[in-house]
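# Residue-level structural notes
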Amino acid sequence: MDTAFLITGFVTLFVIMDPIGLTPIFVALTQGMAPAKRRKIALRACLLAGLLLSLFALFGEAVLGFVGISMPAFRIAGGILLFLTALDMLFQRRTKRREDQAEEEDHSDDPSVFPLAMPLIAGPGSIATIILLAGQQTGIFGFAMVLGIMLAVLLIALVLFMSSSLLERALGKTGINVVTRLLGMLLAALSVQFVLDGLKAFSFAG
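Residues numbered from 1 in each chain as written. Predicted model: local features only at pLDDT ≥ 70, side-chain atom pairs only at ≥ 80, totals over all residues. Heavy atoms only, no water.

## Describing the overall build of the chain
- Assigned secondary structure in the chain consists of nine helices and zero strands.
- In sequence order, the secondary structure elements of the chain are arranged as α-α-α-α-α-α-α-α-α.
- When burial is assessed residue by residue, the chain has 46% of its 206 residues classed as buried.
- Pairs at least 24 apart in sequence give 87% of the contacts found in the chain among residues at least 6 apart. (Helix = DSSP H or I, 4+ residues; strand = E, 2+ residues; numbered from the N terminus. Buried < 20%, exposed > 50% of the residue type's maximum accessible area, 1.4 Å probe, protein only. Contact = heavy atoms within 4.5 Å.)

## Brief notes about the packing of helix 3 (residues 35–66) against helix 8 (residues 139–162)
- Helix 8 packs onto helix 3 with a crossing angle of 160° between their chain directions and a minimal axis gap of 10 Å. Classed by the angle they form, the pair helix 3 and helix 8 counts as roughly antiparallel. For helix 3 against helix 8, the interelement crossing comes out right-handed. Between helix 3 and helix 8, the residues in contact are Arg-39, Ala-42, Leu-43, Cys-46, Ala-49, Gly-50, Leu-53, Ser-54, Ala-57 and Leu-58 and Phe-143, Val-146, Leu-147, Met-150, Leu-154, Ala-157, Leu-158, Phe-161 and Met-162, respectively.
- Taken together, the residues that form the contact of helix 3 with helix 8 break down as 16 nonpolar, two polar and one charged. (Axes fitted to C-alpha atoms, helices over the stretch in contact; angles between N-to-C directions. Parallel < 35°, antiparallel > 145°, perpendicular 65-115°, else oblique. Left-handed = near helix turned anticlockwise from the far one by under 90°. Nonpolar A, V, L, I, M, F, W, Y, C, P; charged D, E, K, R; others polar.)

## Focus: the side chain of Ser-191
- Mapped onto the elements, Ser-191 comes out in helix 9 (residues 164–201).
- Setting aside chain neighbours within four positions, we find Ser-191 in contact with Gly-79, Leu-82 and Phe-83.

## Description of helix 7 (residues 124–135)
- Over its twelve residues, helix 7 extends 16 Å from the first C-alpha to the last, a length consistent with the 16 Å expected when each residue adds 1.5 Å.
- Most of helix 7 is tucked away, with eleven of its twelve residues classed as buried. (Expected span 1.5 Å × (residues − 1).)

## Observations concerning the nonpolar core
- With 52 residues, the main nonpolar core has Leu-13, Ile-121 and Ile-130 as its most contacted residues.
- Among the elements of the structure, helix 1 (3–17), helix 2 (19–29), helix 3, helix 4 (71–90), helix 6 (112–121), helix 7, helix 8 and helix 9 are those that each provide at least two residues to this core.
- If you tally residues by element for this core, the top one is helix 8, at ten residues.
- Sequence-distant contacts of Ile-121, defined by excluding residues within four places in its chain, comprise Met-17, Leu-22, Ala-45, Ala-49, Leu-116, Ser-126, Leu-154 and Phe-161. (Core = buried A, V, L, I, M, F, W, Y, C linked by side-chain atoms within 4.5 Å.)

## What about the packing of aromatic side chains?
- Counted according to the given criterion, the structure contains two aromatic pairs.
- Judged by centre distance (5.9 Å) and plane angle (25°), the ring pair of Phe-10 and Phe-14 falls under stacked. Remark: Phe-14 and Phe-10 occur in helix 1; sequence separation between them is four residues, near one turn of the helix.
- A residue is classified by how much of its surface remains accessible, and Phe-14, at 14% relative accessible area, is buried.
- Judged by centre distance (4.6 Å) and plane angle (5°), the ring pair of Phe-26 and Phe-161 falls under stacked. With Phe-26 in helix 2 and Phe-161 in helix 8, the pair connects residues that are 135 residues apart, well separated along the chain. (Phe/Tyr/Trp six-rings, centres within 6.5 Å; stacked < 30°, edge-to-face > 60°.)

## Looking at the confidence of the model for the chain
- Summarising the model, the chain shows a mean pLDDT of 82, and 88% of its residues fall at 70 or more.
- Highest mean pLDDT in the chain belongs to helix 8 (94); lowest belongs to helix 5 (residues 93–104) (59). (pLDDT = per-residue confidence, 0-100.)

## Notes on a nonpolar patch on the surface
- A grouping of Leu-51, Leu-55, Leu-58, Phe-59 and Val-63 is seen on the molecular surface, where their side chains present a nonpolar patch of about 480 Å² in accessible area.
- Mapped onto the secondary structure, Leu-55 falls in helix 3.
- On the basis of relative accessibility, which here comes to 43%, the residue Leu-55 falls in the partly exposed class. (Patch = residues over 30% accessible without salt bridge, like charges linked within 9 Å, V, L, I, M, F, W, Y side chains within 5 Å. Areas by Shrake-Rupley, 256 points an atom, 1.4 Å probe, with all protein chains shown as cover. Salt bridge = Lys/Arg side-chain N within 4 Å of Asp/Glu carboxyl O.)

## Things to note about the environment of Gln-193
- Relative to the helices and strands, Gln-193 resides in helix 9.
- With relative accessibility at 41%, the residue Gln-193 sits in the partly exposed group.
- When the C-alpha atoms of Gln-193 and Arg-75 are compared, they prove to be 9.8 Å apart, with 118 residues separating the residues in sequence.

Following this line, the structure appears as structure tokens:
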């Protein structure tokens, strides 16, 4: 088992999905709802996001090959996208944009599909990351590792959503902002590594 890949993949997907940053938005989207309904919405959103990401992990690279995009090229593009996301996290633009997306949705409706499952949980960054991770592994065992990483991150998101009220009171808005910026720094470094790996595959570096 590739422990280094599991750790790197988990950290990358956790940072880009950012369950901690999503928790306050989940609270806002489900404000005033009964606890049982909030739990159902959390479970449904995570299940739908997991299904969507699994499809991209399974067929994403095949689709790229069909349109003539190599995996190294996608790795470089994905790294740049993740780096831009990291900048948004560091300067709090990402949180503001997510809050704006949440406000556009009618809170009286079920927000589990939109905007929770997509684009907040399974957004462009998460989709690009899952394709990148799947492209680094081959065979059923490799796909199982990617699937395990995704399920672990989604499980954390589900637990945070379920205990969102407690977490909100414990961290407060300032605590959530600090954690988000720390994750942004980590994501910036990981995104650069993706670009370097892509360049190395093209024999432009190393």
